[in-house]
Amino acid sequence: MFRFLLALVLVLPLSARAQDRAGAFDYYVLALSWSPTWCALTGRERGAAQCEAGADFGWVLHGLWPQYENGYPEYCAFSGRDPSRDETAAMADIMGDGGAAWYQWKKHGRCAGRPPERYFAEARSAFDGIAKPQVFRDLKDPVKLPAKVVEDAFIAANRDLFADALTVTCRARRIQEVRICLTRDLAPRRCGDDVIKDCAQSDALMAPIR
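Residues numbered from 1 in each chain as written. Predicted model: local features only at pLDDT ≥ 70, side-chain atom pairs only at ≥ 80, totals over all residues. Heavy atoms only, no water.

Regarding the overall build of the protein chain
- A tally of helices and strands in the protein chain yields eight helices and six strands.
- In the protein chain, the succession of α and β elements from N to C terminus is α-β-α-β-α-α-α-α-α-β-α-β-β-β.
- Here the protein chain has a C-alpha radius of gyration of 18 Å; the compact-globule value for 210 residues is 17 Å, and the two agree.
- C-alpha atoms of the protein chain, sized along the principal axes, occupy 60 × 40 × 35 Å.
- The proportion of buried residues among the 210 residues of the protein chain is 43%.
- Considering only contacts in the protein chain between residues 6 or more positions apart, those separated by 24 or more positions represent 76%.
- Of the roughly 11,200 Å² of accessible surface on the protein chain, 53% is carried by carbon and sulfur atoms.
- Of note, the protein chain has its 28 positive side-chain charges centred 4 Å away from the centre of its 27 negative side-chain charges. (Helix = DSSP H or I, 4+ residues; strand = E, 2+ residues; numbered from the N terminus. Rg over C-alpha atoms; globule rule 2.2 N^0.38 Å. Buried < 20%, exposed > 50% of the residue type's maximum accessible area, 1.4 Å probe, protein only. Contact = heavy atoms within 4.5 Å. Areas by Shrake-Rupley, 256 points an atom, 1.4 Å probe, with all protein chains shown as cover. Lys, Arg positive; Asp, Glu negative; His and termini not counted. Charge placed at Lys NZ, Arg CZ, Asp CG, Glu CD.)

In structure tokens:
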């Protein structure tokens, strides 16, 4: 009987399982995506406006993600309203387009347990509260560098940041994201053990903004 019940749980669709509870989380991860990497690997093939010549996106807000100390909630049950199209479109200046804001709301925003206007305001505040090192915006040509150089540049530009409060990720041998761990009040804090591991590449590609 136990084996039968275990097998049943494993094959049940997500919608039939208990959902994560909105508002029940420990901290946030602020994910900043390097737009030239996303455009090279995904965005241009999709015809994303974020990747058009002259769009001038550098570090883009991928999302503000509620986290547990280990793991994270997603697609939470939420009794409040969803954002309007105008509300998601208003995030395009830092998220690339309104569609990205809507997707992030569905997967992560509902789990914060806040109304959309507050969640997006917090996401914007967190994004604006992190200084983005000018050296990356000033790149004229592609460079290869250790991911730690990116981490050190963010720490130098933000006096409250420290090594265990952020991590740099790579994808396809490119600098992908900087992920900064924040308290529920948006102050830097140590990342959980499942988040803290950095990209170990010594020659990750970083393309310039076009």
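Things to note about the confidence of the model for the protein chain
- Overall, the predicted model of the protein chain reaches an average pLDDT of 92, with 91% of residues at or above 70.
- Contacts from residues 4-17, a stretch scored under 50 in pLDDT, to residues over four places away or in other chains number four contacts. (pLDDT = per-residue confidence, 0-100.)

With respect to the pattern of salt bridges
- Summed over the entire model, instances satisfying the criterion amount to 13 salt bridges.
- One salt bridge in this structure joins Arg124 and Asp93, with 2.8 Å as the shortest N-O distance. In this pair, Arg124 is assigned in helix H6 (residues 116-128) and Asp93 in helix H4 (residues 92-95), connecting sequence segments 31 residues apart.
- Salt-bridge contacts for Glu122 lead to Arg118; the nearest nitrogen and oxygen are separated by 3.4 Å. Taken together, the positions of Glu122 and Arg118, both in helix H6 and four residues apart, correspond to about one turn of that helix. (Salt bridge = Lys/Arg side-chain N within 4 Å of Asp/Glu carboxyl O.)

Some words on the nonpolar core
- By size, the foremost hydrophobic cluster in this structure holds 39 residues, and its most contacted members are Leu30, Trp59, Val150, Phe154, Ile175 and Ile180.
- Of the residues forming this core, the biggest block, five residues, is contributed by H6.
- Setting aside residues up to four positions removed in sequence, Ile180 forms contacts with Tyr28, Val29, Leu30, Leu32, Ile130, Leu161, Ala165 and Leu166. (Core = buried A, V, L, I, M, F, W, Y, C linked by side-chain atoms within 4.5 Å.)

Here's the deal with the state of the cysteines
- Counted under the stated rule, the structure contains four disulfides.
- Disulfide partner of Cys76: Cys111, at an S-S distance of 2.1 Å. Here the S-S torsion is close to 100°, and the disulfide linking Cys76 with Cys111 is therefore right-handed. Here the residue Cys76 occupies a position in the loop between strand S2 (59-67) and helix H3 (85-89), and Cys111 occupies one in the loop between helix H5 (98-107) and H6, the gap between them amounting to 35 residues. For the residue pair Cys76 and Cys111, the accessibility class agrees, reading buried in each case.
- Between the sulfur atoms of Cys181 and its disulfide mate Cys191 the distance is 2.0 Å. Its torsion about the S-S bond being 105°, the disulfide of Cys181 and Cys191 is classed as right-handed. Of the two residues, Cys181 sits in strand S5 (residues 174-182) while Cys191 sits in the loop between S5 and strand S6 (204-206), which places them 10 residues apart along the sequence. (Disulfide = S-S within 2.5 Å.)

Details of the side chain of Thr167
- Mapped onto the elements, Thr167 comes out in strand S4 (residues 166-171).
- The exposure class assigned to Thr167 is buried, which follows from its relative accessible area of 1%.
- Among the polar contacts made by the side chain of Thr167, one reaches the main-chain carbonyl oxygen of Lys197 at a distance of 2.8 Å.
- Every residue in contact with Thr167, bar those within four places of it in the chain, is listed here: Glu177, Val178, Arg179, Val195, Ile196, Lys197 and Asp198. (Polar contact = N/O pair within 3.5 Å; in protein donor to acceptor, adjacent residues only side chain to side chain.)

Looking at unusual backbone geometry
- With phi around 50°, Tyr75 is a residue other than glycine that occupies positive phi space.
- Counting through the fold element by element, Tyr75 comes out in the loop between S2 and H3.

Regarding the pairing of S5
- Burial runs high along S5: seven of the nine residues are buried.
- Relative to S5, strand S1 (residues 27-34) is paired through six bridges, and the arrangement is antiparallel. Among the inter-strand pairings, Ala31 is bridged to a residue of S5, identified as Arg179.
- Bridge count for S4 against S5 is six bridges, and the pairing is antiparallel. By the bridge assignment, Cys170 is partnered in S5 with Ile175.
- Connecting S4 to the next strand, S5, in antiparallel fashion are two residues, including Ala172 with a positive phi near 55°. (Pairing = 2+ DSSP bridges.)

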